[in-house]
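Residues per chain, in single letters:
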Amino acid sequence: MRTRKKSFRFIKQIIFFCMSVSLLLMHALTATAADGGPPSNVATIQLEAEQAELSGGVKVNTNHPGYTGSGFLDGFWNYEGTATFTVNVPSSGDYNVTARYGSAVHDPATMSLIVNGTRVKQTSFPILENWSTWGTQTETVTLNAGVNTIAYKYDNGDTGVINLDHIRVSPAPIEAETATLLGFASVYNDSSASGGQAVEYLHVEGNGIEFNNVPAANSLTVRYAAPNSGKYSMYVNGVKTKTINFTGNGTWNGAYTSVTVPVDIPEGATLKLQHDAGDTGWNVDYIILAQGDQLFRAEEDFVKPIGRTVFHDDTLWLAQSGSGAEFEFRGKKAEITLKGDHVALGQTNHARIGIYVNGERVIDDVLNEPLKTYTVFESDSDEDVVIQIVKLSEAAMSTAGIHEIRVNAVDGIQPTQGSVRKIEFIGDSITAGYGVDDEETFSTATEDVTKTYAYKTAAALQADYSIVAYSGYGIVAENESSMLPLYYDIIAKSFGRIDGNLDVNNSPWDFNKFVPDLIVINLGTNDYSYTGDDPVKQAEYRDAYVEFLKQVRSHNADAHLMCTLGIMGDLLFPMVEQAAAAYSNETGDTNISVMKFDVQSAEDGFGAHWHPSETTHSKAADKLIDNIKEVMNW
């Protein structure tokens with residue numbers, strides 16, 4: 001007999017209060033961020049280089065990895081090669097323009113930066129390790145209210161020879177050291193601070209910083225250092241209008257974090273940040289004032305992740321069936337920008353995504369472009385809104401990313417409340433919703449996990465869920481690559497490569513991120529195609545099942561294990577029963593049970609390739625729900 005034994009966090013805030021090409025942006029005065037790029041938590045617009053107007057031999061290319069969007073620009077070795085971007089801002093002021101570039105010839109490479117037709121300076125791009133390495137370079141420019149052009153050109157006296165991926169336009173910070181210092185607040189030097197300086201002694205009552213004649217703004221970002229979390233008082237025109245709550249980063253200097261809050265500041269106002277009785281001290285590096293819609297990254301401060309997800313390069317990536325995110329807000333509008341992996345550039349296997357507003361599916365689409373933006377909610381008045389984003393198709397084919405969430409909201413977005421009940425489902429094509437929307441053919445466009453017994457069960461029990469499911473996989477197989485236990489310990493097995501380079505197949509899953517009360521295992525349908533009625537192979541399945549139960553238990557100490565089978569055939573169910581019993585006898589673990597599903601009936605119809613219909617899934621869910629209520633006392 002052959003046997004197989006296979007064994008296999010933090011608070012970081014990035015809020016963007018966004019400038020959209022037709023709607024937004026901001027105003028501020030001076031300097032760049034300490035790292036040479038725009039702060040990551042301020043109003044920013046990213047313009048992909050391939051969206052620019054190109055001339056002089058500049059063209060789009062894709063032969064170096066790691067770019068954003070659908071490509072990058074090369075051809076800047078041609079004299080007068082130019083890329084011109086158009087951006088619309090509502091007010092005049094100083095803005096940071098950050099270029100993401102590649103350079104591997106000149107040290108530095110130089111290009112002319114041209115704003116509204118006037119060459120403002122020659123800008124330098126330090127040499128990088130190779131053409132597949134990307135860097136950023138920031139310049140501060142003055143823009144007019146309305147439409148502006150920003151161009152990079154190989155002109156007289158330049159070296160040229162760079163690649164250009166995208167530019168980001170963001171408001172330049174107002175440095176704290178330029179403010180009026182109140183009490184005995186003072187400036188100190190710190191190479192980690194923007195401009196090399198920040199303001200200290202803001203922990204003493206009455207001390208503070210005051211900014212005069214500020215622009216109108218509906219958001220305020222403060223970059224600060226603070227050993228402890230707490231609050232700080234904000235005044236507009238002498239009236240206390242807000243208490244800013246912030247999270248300490250454990251130090252007074254050397255490292256800085258930021259907080260962004262909604263405000264209502266009129267044009268020309270005086271803004272004061274002052275330490276009042278009961279406030280907590282901080283040192284302030286700079287502030288940024290902005291107007292417009294609020295834009296968020298899908299981080300855990302702002303959304304509730306669903307299932308196995310990974311946050312990478314400002315995007316929350318979804319791989320497994322049913323993975324996604326959920327958040328709530330009160331406001332007038334919401335837009336979601338989704339990002340495709342490299343599969344989105346191909347012809348098939350695109351990730352299918354559903355977006356729900358207050359429980360109603362408003363978007364059902366496949367990601368066949370690098371970026372797609374959907375307006376999912378609009379209203380003339382503020383409303384309470386819950387938005388859920390769900391990957392409907394399975395992991396193996398492709399991944400998808402939640403890139404940006406843009407809202408017009410009263411007080412930003414917040415993650416929805418987590419449930420006290422948590423269920424993990426482990427299964428195959430049945431659990432993934434294979435072909436449930438088309439009885440003739442299969443594609444990712446016909447997979448819908450929300451129509452499966454697993455999703456329906458979690459919804460009926462008001463439980464948070466996580467799904468690990470792969471079509472064609474089992475516990476044993478002739479081909480080891482189809483054995484699910486090999487992939488249980490990673491985020492997902494997928495042909496999709498996040499941003500073209502992150503391989504989820506080699507990315508371990510952090511089991512502390514989702515701790516289930518119950519794990520439902522539904523594996524054996526594909527195994528039967530291997531074992532048939534051969535008692536030796538069936539025993540191999542049973543023994544491998546025992547080992548898989550040990551593997552699952554090693555990551556989930558307290559979860560009840562519920563072993564199920566039967567929807568597409570129940571001939572291996574006796575082996576499931578034997579495996580559960582053998583596992584209990586060997587380990588002494590009695591927190592386990594078995595349940596047999598009813599075999600599907602032709603009168604309930606079929607999905608693709610004889611897979612269960614939604615009707616069959618609903619019946620299976622009903623039986624599973626009753627069993628869970630009894631076993632779990634839910």
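Before reading further, recall that the structure is shown in the block above.
Residues numbered from 1 in each chain as written. Predicted model: local features only at pLDDT ≥ 70, side-chain atom pairs only at ≥ 80, totals over all residues. Heavy atoms only, no water.

J.: Just give me the short version of the pattern of salt bridges, but keep the residues and values in it.
T.: Pairs can form between side chains of opposite charge whenever their charged atoms are close. Summed over the entire model, instances satisfying the criterion amount to 32 salt bridges. Between Asp 276 and Lys 240 there is a salt bridge, and its shortest N-O distance comes to 3.6 Å. Placement of the pair is Asp 276 in the loop between strand S23 (269-274) and strand S24 (283-291) and Lys 240 in strand S21 (residues 239-246), with a sequence separation of 36 residues. With a relative accessible area of 12%, Asp 276 lands in the buried category. Lys 240 sits in the partly exposed class, given a relative accessible area of 40%. With its nearest N and O atoms 3.1 Å apart, the salt bridge here joins Asp 543 to Arg 542. When its relative accessible area of 22% is taken as the criterion, Asp 543 is described as partly exposed. (Salt bridge = Lys/Arg side-chain N within 4 Å of Asp/Glu carboxyl O. Helix = DSSP H or I, 4+ residues; strand = E, 2+ residues; numbered from the N terminus. Buried < 20%, exposed > 50% of the residue type's maximum accessible area, 1.4 Å probe, protein only.)

J.: Before we move on, could you go through the nonpolar core and cite the residues and values that matter?
T.: Ranked by size, the top nonpolar core spans 44 residues in total, and within it Ile 426, Tyr 470, Tyr 545 and Phe 548 carry the most contacts. Mapped by element, the contributors of at least two residues to this core are strand S37 (518-522), helix H4 (535-555), strand S38 (560-565) and helix H5 (573-587). Ranked by residues supplied to this core, first place goes to H4 with seven residues. Here Phe 548 is in contact with Ile 426, Ile 475, Leu 484, Pro 485, Tyr 488, Ile 521 and Leu 523, once residues within four sequence places are set aside. (Core = buried A, V, L, I, M, F, W, Y, C linked by side-chain atoms within 4.5 Å. Contact = heavy atoms within 4.5 Å.)

J.: Describe the pairing of S24, and please don't skip the residues or the numbers.
T.: Note on strand geometry: in a regular strand, side chains alternate between the two faces of the sheet. Burial within S24 is extensive, with eight of its nine residues counted as buried. Pairing analysis gives two bridges linking strand S14 (residues 174-175) to S24, with the strands arranged antiparallel. Across the sheet, residue Glu 175 finds its bridge partner in S24, namely Tyr 286. By the bridge criterion, seven bridges tie strand S19 (residues 217-225) to S24 in an arrangement that is antiparallel. Residue pairing for S24: Leu 220 is matched across the bridge by Leu 289. (Pairing = 2+ DSSP bridges.)

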